[in-house]
Amino acid sequence: MTLNLLPMATQDLQFQVTRNENAKTPEEREAILENPGFGQFFTDHMVDICWSERGGWHRPRVQPYGPIQLDPAAAVLHYAQEIFEGLKAYRHADGSIWTFRPDANAARMQRSAKRLAMPELPTEYFLDSLKQLIAVDGDWVPTQDETSLYLRPFMFAKEAFLGVRPAKKVNYYLIASPAGAYFTGGVAPVSIWLSTHYTRAGHGGMGQAKTGGNYAASLVAQQEAYENGCAQVLFLDAQRGEFLEELGGMNVVLVTRDKRLITPDSDSILEGITLDSVLQLGRDRGYTVEQRPVSITEWRDGAASGEIVEAFACGTAAVITPISEIKAESFGIRMPEVEDRVSLSLRDELTGIQYGRVEDRHGWLHRLDA
Ligand SMILES: *Cc1c(COP(=O)(O)O)cnc(C)c1O
């Protein structure tokens, strides 16, 4: 007798595929892909993998996109045991479909899972789920410039139980949504609201996890940003209200005249994959990267003296967005008008790699349709 000593996590997952009988027709799909916006339309299928304390990961399925049935006592609805990821599928000129550093998303989802006392989805399953969905919904990856299919993996506590403890039943899902070009007519610098009343995460909290709770904490500050004519909100550290953290869903970087890229180091910000990639491209160009605490005073003084020449936000959705000004209740920081922004040149290089126009010298691309 041979014993199978492999742990559950390395066994092959056999996906059961159920085709959507009511899938959009090619004409309907094309009409959506002409102007998809962001997060409004979804492809015909989704992936669903169950986890239970007893059975581990099991029953991987590709099924028609549609509502999820939940018991009203499902733990996620009460205690927010939920995590997610976000990455994109890009169509290259030859028609092939690729994604960008998905192993980094898989690893981050595992770290988020640990923080929220949830089971870790093995990297192979994560990557396999992307391929499985693209195998049935690959036609949903748009072809126009700067468009993509946004992939949203997520996981939550499904167990119906009102006691407070880690759930014994969890489900992983993957859905996908076509995304239009984030900026139409050129990348426009944005005004950012500096929140001095609210923080999104604190030391020892969940700031490093990609979890809905951090977004819930950011919404009222985001509302304040809109009311003050700003596109996004920037948070400061919870302890002293002095050091930069990040925006609601993007990391922040300052650029100095003497070719340094400065970005906050803190245990309460999300480790962005776009940030990590941009810093690498910066190093490749001879920039020095400084990951350390950065105070709002340093930014203010540096902008005034001409030492800090650019500031930008970065994340998967918008890639890189230059920051034109910071508005706060009692002061503001105006960034200079710059002719040749390194932020935009880094943006071009990064999107060039993602869309297969620029050599992928770091091996960041991962093919999904083969
Ligand atoms: C997802 C996210 C980012 C950006 O991460 P990327 O991997 O670059 O998309 C930054 N901050 C927060 C809070 C996020 O949730």
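Residues numbered from 1 in each chain as written. Predicted model: local features only at pLDDT ≥ 70, side-chain atom pairs only at ≥ 80, totals over all residues. Heavy atoms only, no water.

**Focus: the environment of Glu325**
Logical step 1: Within the secondary structure layout, Glu325 lies in strand E16 (residues 319–327).
Logical step 2: Glu325 sits 246 residues away from Tyr79 along the chain, and the two C-alpha atoms are 37 Å apart.
Logical step 3: Setting aside residues up to four positions removed in sequence, Glu325 forms contacts with Val190, Ser191, Ile192, Ile333 and Arg334.
Logical step 4: A polar atom in the side chain of Glu325 sits 2.9 Å from the side chain of Ser191.
Logical step 5: Polar contacts involving the side chain of Glu325 include one to the side chain of Arg334, which spans 3.3 Å. (Helix = DSSP H or I, 4+ residues; strand = E, 2+ residues; numbered from the N terminus. Contact = heavy atoms within 4.5 Å. Polar contact = N/O pair within 3.5 Å; in protein donor to acceptor, adjacent residues only side chain to side chain.)

**Observations concerning the environment of Tyr90**
Logical step 1: Summarising the element assignment, Tyr90 is placed in strand E5 (residues 87–91).
Logical step 2: Sequence spacing of Tyr90 and Phe100 is 10 residues, and the spatial spacing of their C-alpha atoms is 8.4 Å.
Logical step 3: Ignoring sequence-local partners within four residues, the contact set of Tyr90 consists of Ser96, Ile97, Trp98, Thr99, Phe100, Val141, Ser148, Gln354 and Tyr355.
Logical step 4: A polar side-chain atom of Tyr90 sits 3.3 Å from a polar atom in the side chain of Gln354.

**Some thoughts on the site of the ligand**
Logical step 1: Within the structure, the ligand sits among 15 residues, and Lys210, Tyr215, Glu246, Thr274 and Thr316 are positioned closest to it.
Logical step 2: Note that an oxygen atom of the ligand is positioned 2.6 Å from one of the side-chain N or O atoms of Lys210.
Logical step 3: One of the side-chain N or O atoms of Thr274 is found 2.6 Å from an oxygen atom in the ligand.
Logical step 4: Taken by itself the ligand offers 380 Å² of open surface, and the protein chains cover 96% of this.
Logical step 5: Of the residues in the shell around the ligand, the class split is 4 nonpolar, 7 polar and 4 charged. (Near = heavy atom within 4 Å. Areas by Shrake-Rupley, 256 points an atom, 1.4 Å probe, with all protein chains shown as cover. Nonpolar A, V, L, I, M, F, W, Y, C, P; charged D, E, K, R; others polar.)

**Considerations on the pattern of salt bridges**
Logical step 1: According to the stated counting rule, one finds 20 salt bridges in the structure shown.
Logical step 2: Between Arg361 and Asp284 there is a salt bridge, and its shortest N-O distance comes to 2.7 Å. Here Asp284 lies in helix H6 (residues 273–284) and Arg361 lies in the loop between helix H8 (342–354) and strand E18 (365–367), a separation of 77 residues in the sequence.
Logical step 3: Connected via shared salt-bridge partners are Arg257, Asp258, Arg260, Glu290, Arg292, Glu298 and Glu307. (Salt bridge = Lys/Arg side-chain N within 4 Å of Asp/Glu carboxyl O.)

**Looking at a negative patch on the surface**
Logical step 1: A cluster of acidic residues, Glu27, Glu28, Glu30 and Glu34, forms a negative patch at the surface.
Logical step 2: Judged by its relative accessible area of 42%, Glu30 is partly exposed. (Patch = residues over 30% accessible without salt bridge, like charges linked within 9 Å, V, L, I, M, F, W, Y side chains within 5 Å. Lys, Arg positive; Asp, Glu negative; His and termini not counted. Charge placed at Lys NZ, Arg CZ, Asp CG, Glu CD. Buried < 20%, exposed > 50% of the residue type's maximum accessible area, 1.4 Å probe, protein only.)

**Notes on the UniProt feature "modified residue: N6-(pyridoxal phosphate)lysine" (unreviewed entry) in the protein**
Logical step 1: Residues annotated by UniProt as "modified residue: N6-(pyridoxal phosphate)lysine" (unreviewed entry) correspond here to Lys210.
Logical step 2: Setting aside its immediate chain neighbours within four residues, Lys210 contacts Ile83, Phe84, Glu85, Gly86, Arg108, Ser112, Tyr215 and Leu270. (UniProt positions renumbered as here; feature names shortened; annotations may be inferred.)

**Some words on the side chain of Glu310**
Logical step 1: With respect to the helices and strands, the residue Glu310 is situated in strand E15 (residues 308–315).
Logical step 2: It is Arg341 that comes nearest to the buried, bridge-free Glu310 among opposite-charge side chains, at 4.7 Å.
Logical step 3: At 2.8 Å, the side chain of Glu310 forms a polar contact with the backbone nitrogen of Val342.
Logical step 4: Here Ser343 takes part through its side chain, which lies 2.7 Å from a polar atom of the side chain of Glu310.

**Some points on the domain arrangement of the protein**
How big an interface is tends to be stated in terms of the accessible area lost upon association of its parts.
Logical step 1: Looking at the assigned domains, one finds that the protein contains domain 1 (16–179) and domain 2 (190–354).
Logical step 2: Residue-level contacts link 21 residues of domain 1 with 21 residues of domain 2.
Logical step 3: Roughly 1,800 Å² is buried in total at the junction of domain 1 and domain 2, and carbon and sulfur atoms are behind 54% of that figure.
Logical step 4: Per-residue buried area on domain 1 facing domain 2 is highest for Phe84, Phe100 and Arg108; these three make up 32% of the total on that side.
Logical step 5: At the junction of domain 1 and domain 2, the tally comes to 3 salt bridges.
Logical step 6: A salt bridge links Arg111 to Glu271; the nearest nitrogen and oxygen atoms lie 3.5 Å apart.
Logical step 7: Here domain 1 is connected to domain 2 by 14 residue pairs in polar contact (both at pLDDT 80 or more).
Logical step 8: If you list the elements that add at least two residues to the side of domain 1 that touches domain 2, you get strand E4 (82–84), E5 and helix H3 (102–115). (Domains from an automatic or database assignment. Buried area = accessible area lost by both parts, 1.4 Å probe.)

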